[in-house]
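# Inside the fold
Each chain is listed here by its residues.
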Amino acid sequence: MFTMGQFYETVPESLVKWILAQKVFWVATAPLSTEGHVNVSPKGGPYFGILDTKTFWYLDLSGSGNETISHLYEKDNGRITVMFNAFEGPPRIVRLWGHGTVLENGTDLFDTFVKKHEVKLLPGARSIILVHVHQVGSSCGFSVPYFEFKDWRTTLNEFFARKADRFDQGESKESIEKYWALKNSESVDGLPGLDIARKTAKEDGIVPLTKMVGVAATHGGQRPPKQLSFGVVHLILVAVVASLATMSLQSVLSELLQSLRALIQQ
């Protein structure tokens, strides 16, 4: 019988095989600011693993978003949750709560990890995300529907493979670093993204893509102060002028009364 709501301090051996067999998982992070936006990203493909009972990792492929990296880089943040759920077989949901570390492509830490764990790199791989797990939870998943796995999507991998080929053929604008500079320098809230992206943006004069629009947009995790409409500003000015006029009139009346009193006394 399946027992709901089980919690563990480490990844149980009984769940390791099941986790590694999954075709997709979700990653959730958020900025520290209450004004910032919570992010949930789906991750598909066999590009992840479990190093030990407290360490999960996955290969982070390039994309237009940069939320997970930005939230993990934010000072005093680093919170991350990874969720798996069964689409076939017995129902099950498993969550890994922990603290994330970013190993950027091109750094010694990234290269060392890839070599040590024999990670198969893909065109456009921008980092490896390490999750230092401090809590594991399993629950029923009774409401999750059945889905039959058909095949992996190859569109993203093919896109960056073509981009890499064009760059190798001398098209400098196809540089993956320039792509990161444009799209991965900041989060939707304006938090810093990939280090290499920000460095390239500065060196090449690339203006990062503006993300989020309208009143919901934030910068640095904070919404800009609300701008008063013309009507409200106009009313405030009228009130101020009226107040000043009243004060001036009172001053004039006071002087007149004093002059009248002086004449009467004479």
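Please read all numbers here as calculations on a predicted model, not as lab measurements.

Criteria and thresholds
Residues numbered from 1 in each chain as written. Predicted model: local features only at pLDDT ≥ 70, side-chain atom pairs only at ≥ 80, totals over all residues. Heavy atoms only, no water. Helix = DSSP H or I, 4+ residues; strand = E, 2+ residues; numbered from the N terminus. Buried < 20%, exposed > 50% of the residue type's maximum accessible area, 1.4 Å probe, protein only. Contact = heavy atoms within 4.5 Å. Polar contact = N/O pair within 3.5 Å; in protein donor to acceptor, adjacent residues only side chain to side chain. Salt bridge = Lys/Arg side-chain N within 4 Å of Asp/Glu carboxyl O. Phe/Tyr/Trp six-rings, centres within 6.5 Å; stacked < 30°, edge-to-face > 60°.

On to unusual backbone geometry, then. Non-glycine residue Asp 76 carries a positive phi angle of around 65 degrees. By the element assignment, Asp 76 lies in the loop between helix H2 (67-73) and strand S6 (79-85). Residue Asp 76 is classed as exposed on the basis of its relative accessible area, which comes to 67%. In this structure, Met 212 is a non-glycine residue whose phi angle is positive, near 70 degrees.

Attention now goes to the environment of Asn 105. As for its placement among the helices and strands, Asn 105 is situated in the loop between strand S7 (93-104) and helix H3 (108-117). Classification of Asn 105 as partly exposed rests on a relative accessible area of 26%. Separated by 21 residues in the primary sequence, Asn 105 and Arg 126 have C-alpha atoms spaced 5.1 Å apart. Those residues in contact with Asn 105, other than ones at most four positions away along the chain, are Phe 110, Ala 125, Arg 126, Ser 127 and Trp 180. At 2.6 Å, the side chain of Asn 105 and the backbone oxygen of Ala 125 are in polar contact.

Inspection of the entire model under this criterion finds five salt bridges. Its salt-bridge partner being Arg 126, residue Asp 60 comes within 2.6 Å of it at the nearest N-O pair. Taken as a pair, Asp 60 in strand S5 (residues 55-61) and Arg 126 in strand S8 (residues 125-139) lie far apart in primary sequence, 66 residues in all. Because the salt bridges share partners, they merge into one network encompassing Lys 43, Asp 60 and Arg 126.

Going through the model one piece at a time under the given rule, you end up with 15 aromatic pairs. For the ring pair Phe 56 and Phe 84, a centre distance of 5.8 Å and an interplane angle of 85 degrees mean the geometry is edge-to-face. One end of the pair, Phe 56, is in strand S5; the other, Phe 84, is in strand S6, with 28 residues separating them in the sequence. Both rings, one in Phe 160 and one in Tyr 179, keep their centres 5.3 Å apart while their planes meet at 90 degrees; by these two values the pair is edge-to-face. Note that Phe 160 is positioned in helix H4 (residues 155-168) and Tyr 179 in helix H5 (residues 176-183), a separation of 19 residues in sequence. The buried category is assigned to Phe 160, whose relative accessible area is 3%.

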